[in-house]
Amino acid sequence: KNLKQSFFLATFLILAISCKDKLAEKANDVDTTSKKPNIIVIYLDDLGYGDISSYGATELQTPNIDALASGGIRFTNGYATSATCTPSRYGLLTGMYPWRNKDAKILPGTAPLLISTEQQTLPKMLRGQGYQTAIVGKWHLGLGSGITDWNEHISPGPNEVGFDTSYILAATQDRVPTVYIENGNVVGLDPEDPISVDYKNNFEGEPTAISNPEMTTMKWHHGHNNSIVNGIPRIGFMKGGDSAKWSDVDMADHFLTKAQDYVKNHKDKPFFLYYAMQQPHVPRTPHPRFVGKSGLGPRGDVILEADWCIGEFMKTLEEEGILENTLVVFSSDNGPVLNDGYYDDAVEKLGKHDPKGGLRGGKYSIFEAGTRVPFITYWKGKIQPATSNAIVCQMDLLASMADLVGTEDSTTDSKDLLEVLLGKSEKGRESLIIEATGKTALRHGDWLMIPPYKGKNFREKVGIEVGNMPEFQLYNLKEDVGQQNNLAISNPEKLAEMTKIFELLRGV
Ligand code: NG6
Ligand code: CA
């Protein structure tokens, strides 16, 4: 009898132990699948709707970005809030329409921080949910509080509006100071050779593109004739800081390594990484291994370079084993421009390439090419590949990501479009106000209404129609994506409806 009892006891124990193991396994499962996903925004600078092969480009191939598009949701009605950089980035990070902030326009390198440290931001919201947060790349939202000493710790900046870690270029690649700034400190600065920056006056005896044109290796077309760094004339004057100056041709590799290192060092806990690449903004400075590769000149070459960087970056996510727990959002801050101030063959070598992808306008324009940009969401194993025609805006990432990580945000203009971004719904925004250098217009359903604006329509220097017309413009984008038929006169009912919604949303 005793033997029988011990047999039962033993069997029970074995069962209990194996059951416990199973439960433990299950708990582990639950742990990994319920772990909050990493969120990465890969943001290009001035990449047009038609600049990549997954959005119709035939003259160059972007296989790595295309892999995101074909493995994720490719949005055909994805918008930046604005047709220039600073306001777009403001919209992306704060979830607020940039036209609500009168200072949200292209900033010089000496501008103070545009985002209030009190304001809600995408990284702040995520940090509140336990995320580690970082920016690598272009900032262009101002730094400091008015008078910046670049030789001291620079604050407030990205670290004061939600980013734990920042490795940035202050403004644009064509603006001084031409140095990297890590968590508020200029990288590689020699205290014996301090940096001074000024946007009004040159420093005595310092060469500029006007005084010493022979020192330039890239020629300026308009603007861009101040201090010369690495043979490239810039916007703004800068003196000193020689050891800290970046190498333009290595910038893409430099940011890539920083982004990869961040991922490797932070993968054990959920993170948000804003990887803000500098291409294909001017000056276009491909690394020598990409020079001539596109046949379209430096502008095409840096698009190939950016595509390569994205491929390498995605490999890192895979190698680190986090690809299936990471949502990647790919987009651009505004539409394309060819000649943005330097002679760099962008116009001459364009050939059949159409950076606008059939849209009208370009960077600086209230026409579609200004704000409609490539917009892709990718999450391996989670998002079913599709093309979506829903209207989505970068500003909506704040509320949507809040939903994704289990909270909500209704304090901004951001709309929760999580289901749309994950491909579970086609119901995007009904309305969106777009902005270009201070002018606004309304997208509502298939329609776009641009109120009358003074000023020239055609900006000669950049060769772009910015959309100023003395009369109302009304387009049906479903039938006329190229905005060729103004229906304002033939469809007064629609115009009246659009004007009313515009006034309501815009508060004018
Ligand atoms: C313009 C610059 C242009 C570019 C742009 C900002 C001139 C004449 N043009 O003022 O080259 O730097 O600002 O681009 O200086 S953005 O993508 O950052 O908005
Ligand atoms: Ca830009």
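A quick note: this is a predicted structure, and the numbers were derived from the prediction, not measured. Residue positions are given per chain, counted from 1 along the sequence in the order it is written. The order in which chains are written sets their letters, starting at A; the order in which ligands are written sets their numbers, starting at 1. Per-residue local features are limited, in this predicted model, to residues with pLDDT of at least 70; the limit for side-chain atom pairs, both in listing and counting, is 80 or more; totals at the level of whole chains, interfaces and linings are taken over all residues. Side-chain measures were taken over the full set of non-hydrogen atoms in the model, leaving aside hydrogen atoms and water.

Details of the pattern of salt bridges
Okay, so step 1: Each reported salt bridge corresponds to a side-chain nitrogen of Lys or Arg within 4 Å of a carboxyl oxygen of Asp or Glu. Enumeration over the complete set of coordinates arrives at 24 salt bridges.
Okay, so step 2: For the salt bridge of Arg299 with Asp51, the shortest nitrogen-to-oxygen distance reads 2.6 Å. In this pair, Arg299 sits in helix H6 (residues 298–319) while Asp51 sits in the loop between strand S1 (38–44) and helix H2 (63–71), placing the two residues 248 residues apart along the sequence. Comparing Arg299 with Asp51 shows no difference in burial state: the two are buried.
Okay, so step 3: Across the pair Arg284 and Asp344 runs a salt bridge, and its minimum N-O distance is 3.0 Å. On the criterion of sequence distance, the pair formed by Arg284 in the loop between strand S12 (271–276) and H6 and Asp344 in the loop between strand S14 (342–343) and helix H7 (368–371) is long-range, its members being 60 residues apart. Numbering goes from the N terminus for both helices and strands, where a helix is a DSSP run of H or I of at least four residues and a strand is a run of E of at least two. Burial classification: accessible surface area is computed with a 1.4 Å probe over protein chains only, and a residue below 20% of its type maximum counts as buried, one above 50% as exposed, and the rest as partly exposed.

Thoughts on the sheet that holds strand S18 (residues 439–444)
Okay, so step 1: Here, a strand pair is defined by DSSP locating no fewer than two bridges between the strands. The strand order across the open sheet built from four strands is S17-S18-S19-S22, with neighbouring strands paired in antiparallel fashion. Because the sheet does not close on itself, it has two edges, and the strands there are strand S17 (431–436) and strand S22 (473–476). Shown here is a sheet whose adjacent strand axes are inclined to one another by a mean of 20°, direction ignored.
Okay, so step 2: In this structure, strand S19 (residues 447–450) lies alongside S22, joined through four bridges in antiparallel fashion. Bridge pairing in S22 links Met449 to Leu474.
Okay, so step 3: Its contacts with the sheet place helix H10 (residues 492–506) against S17, S18, S19 and S22, and it is angled at close to 120° to S18. Where helices are involved, their axes are fitted lines through C-alpha atoms of the stretch in contact, as for all axes, and angles between N-to-C directions lie from 0 to 180°. Contact criterion: two residues are considered in contact whenever any of their non-hydrogen atoms come within 4.5 Å of each other.

Looking at the sheet that holds strand S2 (residues 73–79)
Okay, so step 1: Taken in spatial order, the 10 strands line up as S6-S5-S4-S3-S12-S1-S13-S15-S2-S16 in an open sheet, and their pairing is mixed. In this open sheet, the two edge strands, each paired with only one partner strand, are strand S6 (185–186) and strand S16 (386–393).
Okay, so step 2: Relative to S12, strand S3 (residues 132–138) runs parallel, the two sharing six bridges. Bridge pairing in S12 links Val136 to Tyr275.
Okay, so step 3: Helix H5 (residues 251–266) rests against S3, strand S4 (165–169), strand S5 (180–182) and S12 of the sheet, and its axis sits at about 175° to S12.

Take it as geometry only, folks, not as evidence of what the structure does.
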